[in-house]
Every structure is written in structure tokens, then in C-alpha cells.
Amino acid sequence: MLIISAMIIGLGLGSMYGLLALGFYVTYAVSNTVNFAQGSTMMLGAVLCFTFWATLGWPLPAAIVAALLLCAAWGVAVERVAVRPFVRRGSDGWLMATVALGIVVDNAVLFTFGKDPRGMPPTFLVTESLAVGGVRVQLQQMLIPLVGLGLAFALTLFARRTRHGAAMLAVVQNGDAARLMGINVGAAVTAAFALSGFFAGVAGILIAPLFTVSSTMGTLFGIKAFAVAILGGIGSPWGVMIAGLLYGVLEATVTASFGSTYTQIVAFSLVILTLALRPEGLFGRAAVKKV
Amino acid sequence: MSARNLLIGAALIGLLVAAILNANGYHLFVLSLVGLTAIVGVGLNILVGLSGQISLGHMGFYAIGAYTVAILTAGYGWSFWLALPAAGFFAGAAGGLLSIPALRVRGPYLAMITIAFAFVVEQSAAEMEGLTGGWNGIMGIAPPSLFGASFRQRGIALLVLTLAVLAVVFYARFSGGAWGKALRALRDSEIAAQSIGLNPVWLRCVAFALSAVFAGVAGGVFAAMSGFISPESFPFFESILFLLVVVIGGADTVLGPLVGAAIVVLLPEALSSLAEYRLLFVGLLLLVVLRLAPRGIVGGLSSLVTRLIGGKAKGTPVSGDGAAPAFLRSSGEAAPLVVDGLSIAFGGVKAVQDLSFEAAPGAVTSIIGPNGAGKTTALNLIAGYYRPTAGSVRLGGVDLTGRASHEVARAGIGRTYQTTQLFEHMSVVDNLLIAMRRGRLSLAEFAGAAETSRRRARAEALLAFVGYQGPLAVEAGSLAHIDKRLVEIARTLALEPQVLLFDEPAAGLGEEDTARVGRLLKRLAGLGRCVILIEHDMPLVMGISDRILVLDAGQKICDGAPETVREDPAVLKAYLGEADLAGRARDGAGSTGAGRRILDVSGLCAAYGASDVLRDVGLSVAEGELVAVLGANGAGKSTLMRALSGLHRPVRGRVLFDGEAIEALPAHEVARRGLVLVPEGRQVFPELTVIQNVRLGAYGRMPPDLDAEVERIIARFPRLQERRGQRAGLMSGGEQQMLAIARGLASRPKVLLLDEPSLGLAPALIQELYAILAELRDGGVTILLVDQMAEMALGVADRAYVLGSGAVVESGTAAELRRSDALQKAYLGGEAATAS
Amino acid sequence: MKTNPKGVFLAGAAMALAWAPTAATAADPIRIGQVAALSGASAQSGEAITRGLQIAIDEINGAGGLLDGRMIELVQRDDESKPPKGLLAARELIYNEGVAAIIGGIDSPVSLAIVPLANQEGVPFMGVWAAATGITQNDADPNYVFRVSAVDALVDVKLLNYANGAFGAHKVGLMLINNPWGQSNEKGLEAADEANDKVEIVGTEKFESTDVDMTPQLTRLKDAGAEAVVLVVNAPPGAQMMKSRARMGWDVPVVSHWGISGGRFPELAGPTAGDARFVQTYSFFGDQGPAGKKVLEELKAKYGVAGPEEVVSPVGTANAYDAMHLLGMAIEQAGGTDGDAVREALENLDGTYEGLIKTYEKPFSPDDHDALGPDDYVMVRYDGDRIVPAE
């Protein structure tokens, strides 16, 4: 029973890491850059949704849509302010710059939203639960993996079936050839960052009812999600999602067996070990060297 | 260090000592923190500034140092003076260990490993309660004492100052010495660093460990200074502050970490009255510095000063008579390079097959062949960059098969690269000095023994010998193209190699410079070296080679003296294609210049960096025409295509397309107007299916009924029809080429640009391809075709232009050009070969 | 080598400017330093302490200040909940701002780091929240550290007694946050267990403040037969624990240290928030004495607090309010701000002070630097947003 409940929790958290990591994936795939402060964007999603819904009293769907749109806009802003100027001059300063922007937004939220962690008002998703293998599982806990896998699936469909999705993938595979097809590479990168912000927002809104909403809630999630993205090889939506699930289940299993004090030590040691043995990640492919 | 610098340094130290003697407890603590942070920064600078790696985990090393001192002094009664070196040692050992996984990864991956490391250290400190006191930490760490007197705040501040000065002096000497040069070389170009014998694995490991030692020592002093440490003293996320110290101050500058530490520590203190808004300011400041001063404050100031004062102090220009230095004259008996049965395959494609030859000392051996023949691959096999699947490489009695490239270099094989691989941020003379080491660096040289004047003299003599006449101290990256070539050759010579491999040394050079390089190569052979040359410039190859090998599709097809090779029918066929394979000519009179001029190019110039690739090119294409652009490799054909399609920007001159000037438009805008390039090397999207590739072709110019359009196009290519659901990356080269053309057609282009469609295809496939081109032509598609296979191209073309050295040297109808000898001249140089 | 003499000089000049010392004269206000978490996850605790201090200071200043008209001025520094930052801030307050005393914050590790400095420099350090036993019992002589707050060792005794007395539990399980505070209470609870024959600890589980789910830990305690759970943690993770407990459908009694009193615990924990009983030094609910009424009025006027349910982290405000008044009395009695004199005045405080938490009479002695004891602790629970005495 301990194991079953650990699995359920692990899958829920894991798909949340996966969602955040999908955000790393889309930008890395299209532009070889990431928003290192992805955790802050996730926090923004939760905070905005809380503010619109609980504080301003908007209907929940409207609050969610508005929060997600703003997260996507924030993604675009990050790309314009902290990524593009550095990429243009061939510097990897974007890494530090996105971290700096994360610090700024975390603190800005601290002063506007308040220092107090807040709790999302419960919905039926939290109050209702089902019994699975003798363990009570809240609907919200099931919703997270469903949305996570669903979005990974949708992302795959978008890439495989739509004109614009194929165009974004083309940018990854061959930027020059993509431009020859009339694809605006700059716009594709912007879109990728918007999508990345959107995913982070979804993750934030999904985890908020199970967790607390505060300006610092995203930091550790962001780092773990980055570990997940790297472990997944930042190569494909499914690789990233599966790495997320594995990481979540691993965490939950360690917690269930040894207590959560060792969870981070074990998990992060495994990250180092995995990368030492497979530098390209679990599901990544080694790039071909050229002279 | 100059006397002036010493004076400034002494004054600064005096100022700080005075400050320490007058400071109150808080100021002492803050000053000490600045010092400790600076020490960590100096160490991190070895990693970030010199070796170009990143670490977000130095807090971990700092913590290891602090806990070492705390545990050894408080727990085991060690003296602080013994515990401090131990702190450095343990941190360094941890750094060495961490470098093992860190060596194999870059960028974000490396950042993740180091973050994870710092996180694990922090958490472990909390959990290893017996050793570290767990969350409660270790209290009552005694301050150090000397001769019975215990250090108080002031003493510790002086100790920190001493250590910080030592750290800076060490860094100055280390970075100026052989190790610093080696690490910078590795940072600027790992490939080239290997080819001068540097072992990247070992170097990175040393950089990591050394950098960790600094952090460990600083942490050790921190423990003694604060008297109390706990896991919360070392939050892993604050590692970023150490990185900030280096970035803000200026990576790869001696004083950068000092300035950075002063800012990172003092600024929050100065803002302490802002209390809670402090982090907000720090974040904003970081953004501003990153945007406005990418080289950090010290780096930015020094380049500003350089600009204000003007370009003084670039060092003296090279002097010397250009005679061959004595040490270059062959010593002892020279051995030949023997290549036997060398083969390698990439994903089923046999890039080099059973290649055997012997390159004699004192001779120039050239390897030529059409594009994609496997020439550079052969070079990479010899130089140890690839591991052959079969065969062997021997130099004299030494078997070098499958050895790492730095070992091959140390064994006496030097090389240059198609695109020069200088250590761009190092001075010209440093490029040579580090190469002279042949990869040998001893740990005793950490403190950076200054380069001997003998070595400098040698470097200067070498530069004079290759004909470089610029200044010695100028950054290599700022040199003109020809100087880069010359310095790269001189750097290779600094290795004193037996064998010299030159990969297209004349690429991008003008006629005069090419001749200079040719003479140099000849002289080197005259000195008893074994010179191996890959080159497309036929006059050069024919002029200086003693022997020529011709490769085609990975196989040697001819081997002999220049005269023999030039006459060989197989060689001509490989270069020009076979006339009997040529595509079908247009029926009837054709449409030469009949239609409206849709593409009109005049005065087009393009350059890569400092070297001009296109010079004043003019050409035009009328609607319905098929026009070919011919010329040898390196004549500028592909650049022309890239310039027309918008991939190469900026260009000068005028490109009128359908009445509109497009020379300034970006590629996607050009494509959307209907000027569509099918690029060289196919460049299909490997992960997408055939149909997806074709549909994507229409992205910028959607037809009203995409599905029907795609079906119509696919129907033209039976091979694609069969494989419509297959991923493009899994198809053969010929199929990929068909797909690339189909993809180009999907946008219903007004003009289709085709760049080297026959490259690397088997003859049967080429024929099929050209049949399709003829069909398209007859169907009214306007085409501008570039192909090395001149005979083939002329077979289908209405008109053609011949490019030579970036300019149009001949133009006319296909028939006219067939009769002229300009073509063969352009391809094989010298007198025209007798047509077969 | 690239060095820039000009840059170095400028940096030196900037440093020299930052150095300008601040001179103090007798007519100056009396500066009281505050080192607390003003940012980060515990920022709200700092805010609560600030409110208590500021209300007390305004009262004192409104009544003409201390020492013949010298006003009290509060100088705040953020410790970001990090011991090195707190230590640095304390140094700055002592050496640069010349504060007469320092008030501490919520984090025990930060206070523990400051204690040696306070004793070394002879500056009174007044704890108003952090409960680690070692803060006041630090073996220094003379000891400049005082506290108006709970003490872990005593709270732990109270928690076990209450679990047994109110719920008849013989077997208890511990749920402790994995940080210094949790570790301090682990020791305290074990010691209390030794001394208490009626209760036995059957399991000790730890968790991180960032943990989303704690059902594995709770499941193990349940399997070990725990009849009550003793909880030591702040509000947000405490709420996660309550949610996990609800998810399991386990209605075990929860007896908690006071960490969950701050930070909107009822909102965070949801419907089962009322199941937890916890320790407080003071409650703004129910009948208020004159001091309570006054403070509530001030909270309303200055900080827009509508009523008791909006008082966040009430213990921080209450302890700080009383501590500030006691400190003011001691300064007045010492006749100056000399650290040693103030310390002696605190240890031998004349007269009584009718405070918020209780009426203080000789609150400190040379051997006991804690003003509050087990008798001053009350067990309470949430009823909606209100804190009401536990039945």
C-alpha cells in the first residue's frame, strides 16, 4: 500500500516535472537556449491564477486562461530581454541573464502578491477522491498525469500534424533549410518561448491546489525539472515526459523507503551518475562531431 | 608583471592594510568576506575564464573546505595551519572527481552536474550528523593562532588579505604561463588544441581540481573566521554569486574577480538599509551588467582604455630574414608516412575505402577529388580524429592507428584546417609558444615560469619564415585571412612535426597569396618534411605536387605525377561527369533569353570575414530558362546561391527578382517571394517523413489546394511515391536529393535555385535526376543550376556562366561553352586537357 | 596581463566612501536593531515582529521616549533566514549603527549564530520568537541573551503531556521538519519522553519544507501504532502534512508546536485545519485585557488589520510587543544604553509590567533569561480563521 501510494504521488509529481521540462525542451529544441528560471514562470502561473480567481473573484476558467496567456507573454518577454540579445552576440550570457530575471520576478511577486504563502480554494478535484488499490487518490492527483501526458501527446501531434508544428521542428533540424522554406526562424523561437511559458503556467496551476502558492514555490521545482529535461536528453517530448515520470517515481520510492531526508541526495547523486555514464541523457542522441 | 603594475599593486595592498588596521569589527568582517569571495572568484576564473567551462557548484567546494577545517580543528584538535592545506586538498580531490562526469558534458549539462553536486554536499552536511553536527552545525571553531597569540578579527583579515594577494599573484603567473596558455587554447578551439598535442581530458581535470582548491582554502578560512558553520551557511543556490563575481568583474582578467567580489559583497551591504528590496536590486544590476558590459567591468574598462589610447602596444612586428630556422632542418633520417588499407564508414556510407599510400619525406603529396570524395575524412583518419574501421597508419616504426589526436600530434604529425582554427583570443606569439610544448606541461610549471627568450626567438623566426609580417602581440582572431593562414602554418611548424597535413590552405585566398602558400609548402618539403596537401585550387596542386592521389567516392582512382593525373580519363570523368550521361537537351530552338527577365543580378559582391568570395558578379535568368553556373570547387558557386537566396547576408550589389530588389531581404522573405533554393547537400529534415518534408516546402507559399499540389509533385518522383511515409533521414542520398527538389517545387517557385544536385550520387541516379530536371525545364519551370558536373549541366542547360575565383569568366549558350576551353581551364588549371 | 589602474583606483575610492563612520551624540535617538527574515518564505514572521515592535516603540515615544526624551528608532536588517547573513547584519548594526540592543527573528540557526557575537561585544540580544533552548542557555558569562518566547525543551514536555492528557495517547509518532528547529525538538521530545512514563515515541519521521506529499511518512507512523502525532513545523509544510493526513483518511489527533500558528494555516490546510491543537503564548481571540485591546486597535489603525482573524503570526507580534516594553524599562532603569548596564537592569528589573501575555514581575534573573515558562503556554486550535482555546 505504501508502494502504491508512493507510485501515485510519484506519477503526479513526475508529470509535473515533465511538464516544466517540456518547457525546457521546446525552447532548447528550437533555439538551443532555455529559460533557466522556468520555476519562476511556474510560480507566476499559480500566483496569477490565484489572484484572478481567489482574490479578484473571476470565474475559474477565465482565471486559468488569463494566467496561461500571461505566462506565455512572460516567456516571450524572457526571450526578448534575457535571451535574444545574448544569442545575437554569440554569448552564453543568457544562462545568467535568465537566472537574474528569475530573481527579479520572484522578488517582484514577493512585494506585490505578499510574503504569505496562500492556499488555493479547494475544488471538487481536491475534495473528491477515488480508491485505487486500497489507496485514496484525489482527482487532482490523477488530473496532473493526464494533463501532462495529454500535453506531451498534443505537442507531438502539433509537431507531426500541423504546418506550424512541422515548421518549428524544421527549425531544430536545419535552421538554414527552414529559412529556405519561408519559415521565420526568429518568430519560431519566440513562439517556442511562449509555449514554454504556457507549459510552466499549466504546471503551476495544476500543482497549486496540492501545494501552497507563494513567490518561492517554483525554485526547487525548476531545478528538478531542469534535471529531468537533461536526463531526458532534451530530445523529444516523450523522452522528457518519461524522464519526468521516472524521476517522480524515484523520489517517491526513496521517500517511502528511507524518508524524504535522503530523497534529494539520492536523486541528485543519480543525476550526476547518469550524466557521467550517458552524457547525452537517458534518451538523447549523441551529436555527430564535424571538423 | 611590469614595474608599474608592481607599484600599483603595492600601493593597493598598503591601502588595504591601512584600512584593516583602522576598521571596526563589521568592516573587518565585510573586508574579509570580500577577500574570501575574491579567492573563490580567482579560482573559478581558472575554470570560467581560462578553460571556458561553467560551474554553478563552487559553494560545494567552499563547504567542503569549511567543514574540513571545522572538523579537524574542533573535532580532532588539529592546528589550523595543518587543517587549511587539508581543506584545499579535500576540495581539490572533490574537484578532480567531479571533473570526471563534467569532462564529457558542456553548457547546460555541465551546469546541471555542478548544481547537483553543490546540492548533494549541502544535504549531506545536514545528514551526516556524527561528522558535521547535522543541522546544528559545528560551533566554537577556534580562530587560528600563531606563536601562542590567537588571531582575532584583525589578524584574520590580514591573513585573508595575504591569501588573496597570493591567489591573484598565482593566477597572474599561472594564466601567463604555459598552463594558462594551454587552457585558453583548449577554450578557443578544442580541435586545434588536440592537434598541437594538448590532452583536453587532463587539462580540464587539472583546471577543475585547481579551481576547487581555491574555493576549499577560502572556505577553510571562513570556518575559522565565523567560528560557526552549518549546512545553511552554504546554500547551493548561492554558487551563482561566485559565478557572478567572475562575470561582473570580467572573466580571464587578473583583477576581475577582485572587483567582482567587491561589488557582489559590498553592494548588498551598501543597500542593507533597503533590507527586503536588496535581492531585487541585485537581480536588476546583474541584468544590466550582462547587457552593457559582457566582458565584465575590468574587461570592459580595459578595452575602453585601449580604444581611447588607440591601438598602441600590439607588440613589435616580426623581424627576421625569413630564412628557414635551423631547428626546422631535418634532424636525423626522415621516415615516410605509410597508410595501409585505411577504411571508415558513417552509417553505412563508405567514406574512405581501402586507402593505401606512402608519403615520402621531402615531397609534396596531394590528395584531390571532387566534393564529397572523402579527402578530409582521410586526413581526419591520419590525424587521429576518427578511428578507422580497418587499416593502419604508421610513421617510421611507430604505429599510430587509432591513437588519440593529441598523441598523434606528439608523435610528429601536424595539421591545419579548412577554416583556420587559431586560438582566437590569444596573441599570435602565444599561439606558437603553446604549440612548441608539444603538449608537455609539468606540474612544476604551475607558477608559470616565464617563456624563455630562446622560445620567443624561435617563434619569431618561424613567423618570419612563413612570411607573417604583422605584430606579435595582436589577438589572433583579429588577423586578416591570409595572416591567419600563415600563423596557423607557423603554429603547426612550432610542433616540429615530421609530417604536415594541409587541408585546403588556399581556400579563400587570392591568386598572389595562394602562390605564396604554394612556395612555402614547397620549401617545407625541401627541408625534408613530408607534406600532404588537400586542395581544390588546381593550378596550385599541379604546380607544387610531386605526386597526386585522386579520390572518388572514398576510393583511390588514380595515383601518380601531375602530368599523368591530368591526362587520366577516369579523373576527367570524376570531375566533369560523362557526356553520354548528360541529360536531354531542349527540343527545338529553346527559349534562350526569350522570356521576361525574372532574375537580374549585377555587381554582386560577398565576403566571408575579410576574404572576398564573390566579385562583381552579374547574371540574368529569363522566365522558362534553365541556366547553369559552372566552375571548380571554391570558385564561389555555392556562395552565389546563398547570396541569392538570402542565407548569406550582407551582400553588396543588386539582385532584382521579379522587378523587386531583394538583396537586403532575409532568407524567409526571399523564399516567400518565390525564389527558392534547393541547398547543397540536400538538407532535408531528417526526422520528418517524405510527405511532411514536401508539405513544409509549401510553408511560405501556400497553394490553394496543398494536398492536390503535393500529390501532383510526388507523382513526378516514383521513388518518393513508394516511400511517402518514411522518415527522410533513413533514405539514400539520391532519394534525399529527389526529396529536396520535390520540397523546393512544393512552393511553386518562380525561380528554382539548385545547388550541386548531383553531389555524391551514383551515375545511374545522376541520370535519373537530370532526366527529371529536363522534364521540369520542359514543363516551364525556371531553373538556375549549379553543378560541378559541367558536362551534365551543359546537357540540360540553355545557357551557362563559368565562375572562376569569384568572378564570371565566361558566359554563353551551352553549345558555345562546350566548344570553348575555358571550362577545362577553370576545372583542372594549366593547359586544357585533351577532351576524351 | 590586463590590469586597469584607473578601475582599481575608482574601486578603492568607492570603498573609502562606503567607509565614512557614523558618529553618535547623546541627543541622538536610541537605536534598536532588528535582525529577522524580511524576505523569503519566512518573511511574514519578520513582518509580525516588526508590527509588535513598532507599536510598542510608538507607545514609548508617544509617552516622551526614554532617558529624558530620547526617541527609540528601529533599524531593520534582513537575514534572509541565513545564519551568515544574520551574523553579518548583526555586526553591521553593532559597529556601524551603534544599536543599543538587537531583537531576533524566527529562525533559531540565525539566532544561534548571533549569540556568540552579542556576548563578545556585550550587546543585549533579545529573542522574540526562535525557541531553540541553546539560545539563552549558552554557557556565556556574562550572558547578554534574553528571550520573551517559548523554549523548545519546555514546549516539548507540554506537547507530550497534552497528547496523553487530552487524547489518552500512549503511543505517539513524531513528524518533524528536517531543519535545525526540527532537530532541536527531536532531542527535546526524546528527553521529554525519557521523563514521561505514560507516553512512548513509536516513530520519528522527517520531511522537507518543499515536500508536496507526506503520506509515506504518515503511513509508517500509522503502521507503528501511533495514537497521536506530534508536529513540529511552520505553517505551509504543516498544511501539507494535514492535507496528506486527510488524503489518507486517518483521523489521528495532531498536537503541534506553534509553527503552524502563522501564515494562514486554515486556508492552506483546508477543512481539517481545526484538528490540530497547538501551543501559543498569546491569542488575540476571546476577551482581551487592556494591552490586548490597545494592540488590536493599533494593528487596525496602522496595518489595516480588521480583527483577530487577520492577525498573522500573532505570537511574533505579542512577544515582540512585550519584549520591547521590557527592554525600554531596562534602558530607563540602567540610565543609559551601555550594554552591561542594560543587561544588569534586565536581570534585576524593578516594578511590574502589565503586558500582553501576562503581568511580568522580575521576568529575568541572572540564571534564567527566559521570561516565559510552561504556565504561560496555552493550547489552542483553529475554528475557521479564529484561534480558540482547545477544550
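Residues numbered from 1 in each chain as written. Chains lettered and ligands numbered in written order. Predicted model: local features only at pLDDT ≥ 70, side-chain atom pairs only at ≥ 80, totals over all residues. Heavy atoms only, no water.

1. Here's the deal with the sheet that holds strand E13 (residues 547–552) of chain B
Working definition: the strands of a sheet are paired by backbone hydrogen bonds and lie parallel or antiparallel to each other. Residues and elements named next belong to chain B. The mixed open sheet is built from 6 strands, whose spatial order is E10-E11-E12-E7-E13-E14. The open sheet has two free edges, formed respectively by strand E10 (413–415) and strand E14 (555–560), since each of these has just one partner strand. For this sheet the average axis-to-axis angle between neighbouring strands, irrespective of direction, equals 20°. One ladder, built from 3 bridges, connects E10 with strand E11 (residues 499–503); its direction is parallel. Paired with Arg415 across the two strands is Leu501, which belongs to E11. Contacting strand E7 (364–368), E10, E11, strand E12 (530–534) and E13, helix H15 (residues 375–382) runs over the sheet at an angle of about 150° to E11. Docked against the sheet, helix H19 (residues 481–494) engages E10 and E11, running at close to 155° with respect to E11. (Pairing = 2+ DSSP bridges. Helix = DSSP H or I, 4+ residues; strand = E, 2+ residues; numbered from the N terminus. Axes fitted to C-alpha atoms, helices over the stretch in contact; angles between N-to-C directions. Contact = heavy atoms within 4.5 Å.)

2. Points about the interface of chain A and chain B
The interface is formed by 64 residues belonging to chain A together with 63 residues belonging to chain B. For the pair chain A and chain B, the interface holds 1 salt bridge. For A:Asp176, the salt bridge is made with B:Arg642, and the minimal N-O distance between the two is 3.5 Å. Of all the secondary structure elements, the ones that give two or more residues to the side of chain A that touches chain B are helix H3 (60–88), helix H4 (94–113), helix H7 (163–173), helix H8 (175–180), helix H10 (218–231) and helix H12 (263–277) of chain A. Of all the elements, H4(A) adds the most residues to the side of chain A that touches chain B, at 12 residues. Considered class by class, the residues forming the side of chain A that touches chain B number 41 nonpolar, 13 polar and 10 charged. (Salt bridge = Lys/Arg side-chain N within 4 Å of Asp/Glu carboxyl O. Nonpolar A, V, L, I, M, F, W, Y, C, P; charged D, E, K, R; others polar.)

3. Digging into helix H27 (residues 706–716) of chain B
Taken together, the buried positions of H27(B) are occupied by B:Leu706, B:Glu709, B:Val710, B:Ile713 and B:Ile714. All buried residues of H27(B) project into a common sector of 130° when viewed along the axis, lining one side. (Buried < 20%, exposed > 50% of the residue type's maximum accessible area, 1.4 Å probe, protein only. Arc of directions from axis to C-beta.)

4. Quick look at the domain arrangement of chain B
Note on interface size: it is often stated as the accessible area lost on association of the parts. All names here are of chain B. If you check the domain split of chain B, you get domain 1 (28–271 + 281–309), domain 2 (347–412 + 497–576), domain 3 (422–438 + 451–496) and domain 4 (593–630 + 645–683 + 749–828). A C-alpha centroid distance of 33 Å is found between domain 1 and domain 3. Contacts between the two partners involve 14 residues from domain 1 and, on the opposite side, 14 residues from domain 3. Of the roughly 1100 Å² buried between domain 1 and domain 3, counting both surfaces, carbon and sulfur atoms make up 69%. (Domains from an automatic or database assignment. Buried area = accessible area lost by both parts, 1.4 Å probe.)

5. Describing the pairing of strand E1 (residues 129–132) of chain A
Residue and element names in this part refer to chain A. Alignment of E1 against strand E2 (residues 135–138), held across 4 bridges, turns out to be antiparallel. Following the sheet pairing, Leu130 is matched in E2 by Val137. Where E1 hands over to E2, the hairpin turn is made up of 2 residues, of which Gly133 adopts a positive phi near 55°.

6. A short note on the environment of A:Trp58
Residues and elements named next belong to chain A. Within the fold, Trp58 resides in the loop between helix H2 (38–55) and H3. In sequence terms Trp58 and Arg89 are 31 residues apart; their C-alpha atoms lie 44 Å from each other. In this view, Trp58 contacts Phe52, Trp53, Ala63 and Ala66; residues no more than four positions away in its chain are not counted.

7. Remarks on the sheet that holds strand E14 (residues 386–389) of chain C
Residue and element names in this part refer to chain C. Ordered by their spatial adjacency, 7 strands build an open sheet running E7-E6-E8-E9-E10-E13-E14, and the pairing between neighbours is mixed. The sheet is open, and its two borders are formed by strand E7 (200–207) and E14, each paired with just one other strand. Each neighbouring strand pair of the sheet contributes to a mean axis angle of 30°, computed without reference to strand direction. Bridge count between strand E6 (residues 171–177) and E7: 7 bridges; the pairing is parallel. Residue pairing for E7: Leu174 is matched across the bridge by Thr204.

8. Observations concerning the domain arrangement of chain C
All names here are of chain C. What the domain assignment lists for chain C is domain 1 (30–150 + 290–373) and domain 2 (153–280). Contact with domain 1, which involves 15 residues of that partner, is made by 12 residues of domain 2. A buried area of about 1000 Å², summed over both sides, lies between domain 1 and domain 2, and 66% of it is on carbon and sulfur atoms. Its largest share of buried area at the contact with domain 2, domain 1 owes to Thr133, Ala150 and Val315, together 33% of the area lost on that side. One can count 0 salt bridges joining domain 1 with domain 2.

9. Thoughts on the interface of chain C and chain B
Taken together, the 36 residues of chain C in the interface contact 46 residues of chain B. Summed over both partners, the interface of chain C with chain B comes to about 3900 Å²; 62% of that surface belongs to carbon and sulfur atoms. Viewed at the interface, chain B and chain C are joined by 1 salt bridge. Residues B:Glu238 and C:Lys82 are paired through a salt bridge, measuring 2.7 Å at the closest nitrogen-oxygen approach. At the junction of chain C with chain B, the criterion picks out 8 residue pairs in polar contact (both at pLDDT 80 or more). Top contributing element to the side of chain C that touches chain B by residue count: helix H3 (residues 83–96) of chain C, with 9 residues. Taken together, the residues that form the side of chain C that touches chain B break down as 15 nonpolar, 11 polar and 10 charged. (Polar contact = N/O pair within 3.5 Å; in protein donor to acceptor, adjacent residues only side chain to side chain.)

10. Observations regarding the packing of aromatic side chains
By convention here, two paired aromatic rings are described through the distance between centres and the angle between planes. Residue and element names in this part refer to chain B. One pass over the structure, following the stated rule, counts 28 aromatic pairs over all chains. On the numbers, 6.0 Å between centres and 75° between planes, the contact of Tyr62 with Phe234 is edge-to-face. In this pair, Tyr62 sits in helix H3 (residues 58–75) while Phe234 sits in the loop between strand E4 (228–229) and helix H11 (239–249), placing the two residues 172 residues apart along the sequence. Given the relative accessible area of 7%, Tyr62 is considered buried. In textbook terms, an aromatic cluster arises when at least three aromatic residues are bridged by ring pairs, as seen for Tyr62, Tyr67, Phe222, Phe234 and Phe242. (Phe/Tyr/Trp six-rings, centres within 6.5 Å; stacked < 30°, edge-to-face > 60°.)

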